[in-house]
Amino acid sequence: MKFGVVTFPGSNCDQDCYHVAAEVLNKPTDMVWHKDKQDLSEYDCLILPGGFSYGDYLRTGAIARFSPIMESVIEYAEAGGLVIGICNGFQILLEAGLLPGAMKVNDSLKFVCDYTKLEVVNDDTPFTNRCNSGDILEIPVAHGEGNYHIDEEGLAELIANQQIVVRYLSEEENPNGSVDNIAGICNQERNVFGLMPHPERCSESILGNGSTDGYQIFASIVEYLSKRGEECGE
Amino acid sequence: MENKPWEAEGLTKSEYEMIVDILGRKPNRTELGMYGVMWSEHCSYKNSKAVLRNLPTEGECVLQGPGENAGVIDIGDNQAVSFKIESHNHPSAIEPYQGAATGVGGIIRDIFTMGARPIACLDSLRFGDLEDQHVQFLFEGVVSGISGYGNCIGVPTVGGEVHFSAAYQDNPLVNAMCIGLMEHEDLATGTAKGVGNPVMVVGATTGRDGIQGASFASDELTEESEEDRPAVQVGDPFMEKLLLEASLELIKTGALVGIQDMGAAGLTGSSCEMASRGGAGIELDVDLVPKRETGMNAYEVMLSESQERMLVVPKKGKEDLVKQIFDKWDLNAAVIGKVTDDGMMRILNKGEIVAEAPARSLADDAPEYERESKKPDYLEEAQSYDWSQLEEPQDYNQALLEVLSSPNIASKEWVYQQYDHMVQTNTVVLPGSDAAVLRVKGTEKGLAVATDCNGRYCYLDPETGGAIAVAEAARNVVCSGAEPLAITDGLNFGNPLKPEIFWQFEKCIEGIGEACLSLGTPVTGGNVSFYNESPEAAIYPTPIIGMVGLLEDIEQATTIDFKDEGDLILLLGETKDELGASEYLQALYGLETGQPPSLDLDLEKRVQEVCLEAIKAGVVKSAHDCADGGLVVALAESCISGDLGAKIELVSDLAPSSLLFSESQSRIVISVAEEDLAQVKKLAAAKDIPISELGRVTGNSLVVNDLVNLEVGELKKEWTESIPTLIEG
């Protein structure tokens, strides 16, 4: 089981994601450089980390989406590979069209870094199988543009297809004004997941307020991959 | 009319004459411009050097003291910490967003220039009265500038402080501190040597931004200062993130002789300082510097303060390796000259010499002044102010709520929620406690960092105020479970040519020096910012202390919040009748006067030792420095953070106002489980420090004698909503 963490210029959570995959999950993990289009099939899960790719001076994720590695990521995802995009990674997945919708500036017009409470909406994904729907996870956010937007039709589709994976617990807990309190969504096939909160920041009890709810996300991925491996007779 | 070419460069006539002497001829405009920035206070410390020499700079842990881009201390296991604080006051007064942003960028660059990976920033901010609209504009601009730069580059902003006082009305203070982590062998220095070694400029291109910024920072602010806006640089945190990664990668290769950040005085400062440190000369051609604008002359190239640039001297033959690494990060790297052995800075333009001066004379031989100093007239009257003549409050609940909602005491959540304080996943103790605590990945260790300074104390008693700033910073670090190691100082004062201001400066440094010696925390570097004055008045003398401490065991990181119902609350140290210069006088009576609290450094040290011993013994559940606002504020903050009440019984002859709000030093409020009381008492007895039982953690109200009885929810509401309400209405 091997993880790959993509580094774009301006990624700043790439080492944090590497730390969780390599040190906390104890899985072989590579850093994947943005400049090269490459065969990613050796990886079982790709992480698109948070940060400010290309400075995010235009629109978050808008330039990263054109970097050579994204062609490979799209091929990888279309072949069924697991991709998780966190914060800026989520924004890049939206810009790349791997997930529907778009991101706006927070309603407050301010960057916000704080713990948020999330409700698991769909526990039947490779990223949440260790949770139960209705579980409450406490995971921090840190972003200025996390206000998820999608038109009504699109929202109806997300709901109908159970693509909303995690929601902020309430209007009060919603840190950015996202439509329908959406914090994270997956594609119809369930193999691509994007979320604004940072599970890698709360996967060890020593950090911050002690929440380790983020670990559940990564542990779900490992569990999913282990089962898939067994089924394939690996 | 007499021609006074020195005035345009901020020099005096006698300094101009010195330059003529050094060169043996009149300087041309480029040369004069170079001397102008290098001999500015900002770069040369010409008015402060003589006094700063009195600070203790040596200690067991010090690997690099003052004089480099940043200080470096040993933390064991072949690891070291580089840290420094720097001011960006003037730019922030004119253009708060960019001023603060480039302040953060500059200090982060100082740290990775040393070979350390920046792991955290802290910001110490001072503003005028927060009800004033212009102050709100500055405050919001500065906070979003820090947020914009720090968040993007991915260095968490984990702490600092914000204070408000009319003394900072037109002259806000923005001091940014950064700390970085490295292995010993990666320690890099800003040295140029080895004749024939190439000199390269790497990173961003050079433009006309920030020309003469260092000189601008060395003058008082006036109405016309707004016109100096072009002297404020523009930051690009994305560029700096790339520069950070490329520079650290380059340092790791071992191909470098020296590396220096281009901050104040740009290419001039970096090149002549590197040459001077190495006892060498540098010859460079401005035509070879990658530029973002056309038609720049030598003066402009040499004095530009365009951000996100470095000067590097690799070993000869390693030019291509440098280019290869910078190309990977899509950054420029260009050879612009070479190291020579004649000690001269020689500036060429397309091969023709346009300026030539001894490097050492620019970097190190600025005149040194011993300025006149005089005790200010205001002091005697202020210090003799008798607060006992004030009527006691009718309602101590109300008094507490007023002090808690003073913007100086109130929660700074509005500020730090705009800072990414968790990136890099090392933040063990979040902002809002006494000190921020970071883990050191791959070890059991942790680092505690805090900044501190009470400008009001320093105004009313500079020597004690300076000492208290060090003592309190150390106390904050101790309360978090760490052993204080060393400090960096951000020294903010008015115009040093005014004898009263220079006296404040001398006395503050005296106090800092005494406290550093007593607490065993040497000064490893810092920054002097003079001329913090507007036409109305000078700022309070504000020597900000940035303290770094080490936790041998990160599991012992301690926070301020009460943990468990039934725990005993103890006070280490003793409350005295010391309401002078207190937040209580300010919040209730609008008074910023009186004799500040006294400081017994010997007692201070013992109180800190007892607290740390108790934490290491594993018996302390919470520890909180009892300082601004007094004992009842410390108790309220521990209640609010822990969402638990406390029942307190204080026995004392003091008037209730003093009992609750006195700001006596050397006090720490701790909570312990009942069965551990005896052990803590034993530790206190061994060091002969006062210890008293205040009460218990219980219920959901803070109750103190028959004076205070408030629900924690109400305290919390007042404390957290104060600043957002003032700003957002």
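Above this text you will find the structure in question.
Visitor: Help me understand the nonpolar core in this model?
Guide: Note on soluble globular proteins: their nonpolar side chains tend to be buried together. Counting 126 residues, the largest nonpolar core has I84 of chain A together with F139 and F326 of chain B as its most contacted members. The biggest single contributor to this core is helix 7 (residues 133-153) of chain B, with nine residues. Those residues in contact with F326 of chain B, other than ones at most four positions away along the chain, are V202, G203, L243, A246, S247, L250, L331, N332 and A333 of chain B. I119, L447, A450 and A581 of chain B belong to the second-largest nonpolar core, a separate cluster that totals 70 residues.

Visitor: For this particular structure, what's the right way to read the packing of helix 6 (residues 96-113) of chain B against helix 9 (residues 237-253) of chain B?
Guide: Residues and elements named next belong to chain B. Taken N-terminus to C-terminus, the directions of helix 6 and helix 9 make an angle of 10°; their axes are 10 Å apart at the nearest point. Viewed along their axes, helix 6 and helix 9 adopt a mutual orientation that is roughly parallel. In this structure, helix 6 uses G105, I108, R109, F112 and T113 to contact helix 9, whose residues at the interface are E240, L243, L244, S247, L248 and I251. Class assignment for the residues of the contact of helix 6 with helix 9 results in six nonpolar, three polar and two charged.

Visitor: Quick question: what am I supposed to make of the interface of chain B and chain A here?
Guide: It is common to give the size of an interface as the accessible area that goes away when the parts come together. Chain B puts 34 residues into the contact, and the matching count from chain A is 28 residues. Connecting chain B to chain A are four salt bridges. A salt bridge links D420 of chain B to R201 of chain A; its shortest N-O distance comes to 2.9 Å. Of all the secondary structure elements, the ones that give two or more residues to the side of chain B that touches chain A are helix 7, helix 9, helix 12 (319-328) and strand 14 (427-429) of chain B. In terms of residue count, the dominant contributor to the side of chain B that touches chain A is helix 7 of chain B (five residues). Taken together, the residues of the side of chain B that touches chain A break down into 13 nonpolar, 10 polar and 11 charged.

Visitor: Would you mind showing me how to read the packing of aromatic side chains here?
Guide: The geometry of an aromatic ring pair is captured by two quantities: the separation of the ring centres and the angle between the planes. Residues and elements named next belong to chain B. With the rule as written, the count across this model stands at 20 aromatic pairs over all chains. Judged by centre distance (5.8 Å) and plane angle (45°), the ring pair of F502 and F505 falls under tilted. A residue pair is termed a helical-turn pair when its members lie 3 or 4 positions apart in one helix, as F502 and F505 do in helix 19 (residues 499-519) at three residues. The exposure class of F502 is buried, given its relative accessible area of 2%. Three or more aromatic residues joined by ring pairs form one cluster here, namely F127, F139, F164 and W414. In this structure, R29 is placed above the aromatic ring of Y299, and the distance from its NZ or CZ to the ring centre is 3.8 Å.

Cut-off values and rules
Residues numbered from 1 in each chain as written. Chains lettered and ligands numbered in written order. Predicted model: local features only at pLDDT ≥ 70, side-chain atom pairs only at ≥ 80, totals over all residues. Heavy atoms only, no water. Core = buried A, V, L, I, M, F, W, Y, C linked by side-chain atoms within 4.5 Å. Buried < 20%, exposed > 50% of the residue type's maximum accessible area, 1.4 Å probe, protein only. Helix = DSSP H or I, 4+ residues; strand = E, 2+ residues; numbered from the N terminus. Contact = heavy atoms within 4.5 Å. Axes fitted to C-alpha atoms, helices over the stretch in contact; angles between N-to-C directions. Parallel < 35°, antiparallel > 145°, perpendicular 65-115°, else oblique. Nonpolar A, V, L, I, M, F, W, Y, C, P; charged D, E, K, R; others polar. Salt bridge = Lys/Arg side-chain N within 4 Å of Asp/Glu carboxyl O. Phe/Tyr/Trp six-rings, centres within 6.5 Å; stacked < 30°, edge-to-face > 60°. Lys NZ or Arg CZ within 6 Å of the ring centre and 35° of its normal.

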